[in-house]
Amino acid sequence: MSEDRYDVIVIGTGAGGGTLAHALAPSGARILLLERGDFLPRERDNWNSEAVFVANKYKAQETWYDKHGKAFHPGIHYCVGGNTKFYGAVLLRMREGDFGEVRHEDGTSPRWPLSYADFAPWYRQAEVLYHVHGQRGADPTEPPDPSPYPYPPVSHEPRVQELADDLGRAGLRPFPLPLGVRLNESDIPHSSCIRCDTCDGFPCLVSAKSDAHVTCVRPALAHPNVTLMTNATVERLDTTASGREVSRVVVSQGGTRRQFAADIVVVSCGAINSAALLLRSASEQHSNGLGNRSDTVGRFYMCHNNSALLAISRKPNPTRFQKTLGVNDFYWGDGAWDYPLGHIQMLGKTDAAMFKGETHGLLPRRALDELARHSLDFWLTGEDLPRPDNRITLAGEGLQISYTPTNQEAHQRLTDKLRGLLRAIGCEPSILVPREAYFAKRLPVAATGHQNGTVRFGNDPATSALDVNCRSHEVDNLYVVDGSFFASSSAVNPTLTIIANALRVAAHLRERLGSAVSAAAQQMPSA
Ligand SMILES: Cc1cc2nc3c(=O)[nH]c(=O)nc-3n(C[C@H](O)[C@H](O)[C@H](O)COP(=O)(O)OP(=O)(O)OC[C@H]3O[C@@H](n4cnc5c(N)ncnc54)[C@H](O)[C@@H]3O)c2cc1C
Ligand code: SF4
């Protein structure tokens, strides 16, 4: 085997790529992980809201364009672990009904080619791998499962417990959010997680968040058969003359161009960059982009209807770790309107520095401090529909995202539901202030955090780019394993589904790689 040939090349180390590499590592297969970013520096600024939210120190220095050609900076991170280094670690399963057709005000979101039952065992494994803390049965819309969460739920701090009690009195069924943090509340002196106030949107300085780097890439690298190259941007994928196999992965690293080859090539760059890489890999055999005879690559982009909203608590809210409560009572609707509304969860607690960035210095420091002392922060998510014209295209060196939101009335109604509860939850009535900094949401199109759907899977090669194993319908050794494969977005955070799917595809790949690598596996340490 030559130096630059591997059994498997995985491009990207986020939720999809990192998890897949971890699952394949014990097989003994020679695996090369290519990551365009570096290890995120571990430094005090990891937990400095001014650095993270105002100076955007860790965001990618990318300029992309909206459908009008207007430049924007996406809320995206390039580093080992990808966007999971910054995520809020809320790890929810999609609802059983989300795998079927769902009727919305603006149309119907399509049925997935696989059912919830197909995903259930992988969700279970994903929850174990990512140390999910939760309370099975508390969320009224969660699919039933006989096994408990691997760890007990993260407790509410007093102000959030009051909120839970108030919501209960108002007839709702709030539940503890399932969270991937290594917190041991029964033995705090030995707990990795210290339950700090800089989690949601921040990297974890003490490696206690279940991100893809800590959970997957780091243990995978303990296997001698796994190699990681950082600062290695994959520029394009070339194929054999038949166009049926990827024969070359072309990488730019520090100004030097390198080439690698593998029996299996897995693209896991995140939904936007995976689509862009396939489009950039157009060739004589694949004139519309690699594996894109269906003309679906880059299309059907979804990112959720999201709002970060601040309510003003009448009494001070000294909560440190606020993201512990969710509400799904309106997920499928409110009984008064025919369509689903979506999901509500708490957001990480805001502080004065974040407000300073968002109010552009217009409010004096004392007012900002007072606002921060009384804020109770919410995150609302609604399903958006996969529309062919919501798409990623190439724009010179950059990208264009053409996106027109859907299901806006549902999102407005969900916001109104929360507004209607403000008095009952001890907040100033009617006041809900939009928060901009979280998800870089000054322009809705810049809020790329929940990106999915751009290389959809399906049974029909005419309407999907990937088969049910997330393999290209047209290129035998090409897989796409990240948020790209989603057929619809549901209204819950996407990452547990990305992780579960990566575990599912890894099992398929282990079978495909078969005996060629199984002998070597006997020699390997376990992750
Ligand atoms: C602030 C924030 C909070 C969030 N909170 C939550 C949450 O609480 N719960 C939840 O479920 N989700 C959350 N998300 C979303 C979550 O982070 C993503 O769903 C998840 O990271 C997507 O996984 P992925 O594998 O598709 O892509 P990513 O994790 O983005 O990984 C893609 C990787 O590919 C690399 N890459 C890209 N292009 C190339 C290339 N050409 N060559 C080499 N490498 C490349 C990138 O550097 C990156 O490491 C949050 C996101 C953000 C930004
Ligand atoms: S709350 Fe825990 S997991 Fe989150 S950043 Fe703080 S220490 Fe890390």
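Please refer to the structure placed before this passage.
One structure accompanies this document, and this report is about it.

Thresholds, definitions, all that
- Residues numbered from 1 in each chain as written.
- Chains lettered and ligands numbered in written order.
- Predicted model: local features only at pLDDT ≥ 70, side-chain atom pairs only at ≥ 80, totals over all residues.
- Helix = DSSP H or I, 4+ residues; strand = E, 2+ residues; numbered from the N terminus.
- Rg over C-alpha atoms; globule rule 2.2 N^0.38 Å.
- Buried ≥ 20, exposed ≤ 12 C-beta atoms within 10 Å, placed from the backbone.
- Pairing = 2+ DSSP bridges.
- Contact = placed C-beta atoms within 7 Å.
- Axes fitted to C-alpha atoms, helices over the stretch in contact; angles between N-to-C directions.
- Near = placed C-beta within 6 Å.
- Nonpolar A, V, L, I, M, F, W, Y, C, P; charged D, E, K, R; others polar.
- Core = buried A, V, L, I, M, F, W, Y, C linked by C-beta atoms within 7 Å.

What follows is about the overall build of the protein chain. Looking only at helices and strands, the protein chain features eleven helices and 21 strands. A globule of 527 residues ought to have a C-alpha radius of gyration of about 24 Å, and the protein chain, at 22 Å, matches this closely. Counting only C-alpha atoms, the protein chain reaches 65 × 50 × 50 Å along its principal axes. A burial count over the protein chain gives 53% of its 527 residues as buried.

The strands that make up a sheet pair up through hydrogen bonds in the backbone, lying either parallel or antiparallel. In space, the six strands of this open sheet follow the order 8-15-16-17-14-20, with antiparallel pairing throughout. Each edge of the open sheet is held by one strand with a lone partner, namely strand 8 (175-176) and strand 20 (427-434). Across eight bridges, strand 14 (residues 305-313) lies against strand 17 (residues 375-382) in antiparallel orientation. Counted as the bridge partner of Asn-306 is Thr-381 from strand 17. Against the sheet, helix 4 (residues 158-169) makes contact with strand 14, strand 15 (325-327), strand 16 (343-346) and strand 17, and its axis sits at roughly 20° relative to strand 15, the strand it touches most. Contacts from helix 9 (residues 408-421) reach strand 14, strand 16, strand 17 and strand 20, with the element oriented near 150° to strand 17.

Before going further, it helps to examine the site of ligand 2. In the vicinity of ligand 2, 13 residues are found, and the nearest of them are Cys-193, Cys-196, Cys-199, Cys-204 and Lys-209. Split by residue class, the shell around ligand 2 holds ten nonpolar, one polar and two charged.

On to the site of ligand 1. With respect to spatial proximity, 39 residues lie near ligand 1, and among them Gly-12, Gly-14, Gly-82, Gly-88 and Thr-495 are the closest. Listed by contribution, the elements that provide at least two residues to the shell around ligand 1 are helix 1 (15-24), strand 11 (232-239), helix 6 (271-280) and helix 10 (495-513). Along the lines of polarity and charge, the residues of the shell around ligand 1 split into 15 nonpolar, 21 polar and three charged.

We now examine the nonpolar core. Counting 138 residues, the largest nonpolar core has Ile-9, Ala-21, Ile-31 and Val-266 as the members making the most contacts within it. For this core, the leading source of residues is helix 10, giving nine residues. In this structure Ile-9 touches Leu-32, Leu-34, Val-249, Phe-260, Ala-262, Val-265 and Val-266, once residues within four positions along its chain are discounted.

Glancing now at helix 6. In an α-helix, one turn spans 3.6 residues, which is why side chains three or four residues apart end up on the same side. With nine of ten residues buried, helix 6 is to be regarded as a mostly interior element. Within helix 6, the full set of buried residues consists of Ala-271, Ile-272, Asn-273, Ser-274, Ala-275, Ala-276, Leu-277, Leu-278 and Leu-279. Where the residues of helix 6 are buried, they touch strand 11, strand 13 (256-267), strand 18 (391-395), strand 19 (398-402) and strand 21 (478-480).

Okay, the pairing of strand 16 next. Along strand 16, one buried face is formed by His-343 and Gln-345 and the opposite face, lined by Ile-344 and Met-346, is buried too. The sheet contact formed by strand 15 and strand 16 spans two bridges and is antiparallel. The partner of Val-327 across the bridge, within strand 16, is Ile-344.

This part takes up unusual backbone geometry. One non-glycine residue with positive phi stands out, namely Asn-231, at about 50°. Relative to the helices and strands, Asn-231 is located in the loop between strand 10 (226-229) and strand 11. Exposure remark for Asn-231: the 15 C-beta atoms within 10 Å place this residue in the partly exposed category. Phi at Cys-470 is positive, roughly 65°, even though this residue is not glycine. Assignment of secondary structure puts Cys-470 in the loop between strand 20 and strand 21.

Right, let's get into the pairing of strand 12 (residues 246-253). The pairing of strand 11 with strand 12 spans seven bridges and is classified as antiparallel. Within strand 12, the position partnered with Leu-237 by the bridge is Val-249. For strand 12 and strand 13, the ladder comprises five bridges, and the chain directions are antiparallel. Bridging across to strand 13, Val-249 finds its partner in Phe-260. In this structure, the hairpin formed by strand 12 and strand 13 is closed by a connection of two residues, where Gly-254 is found at a positive phi of approximately 55°.

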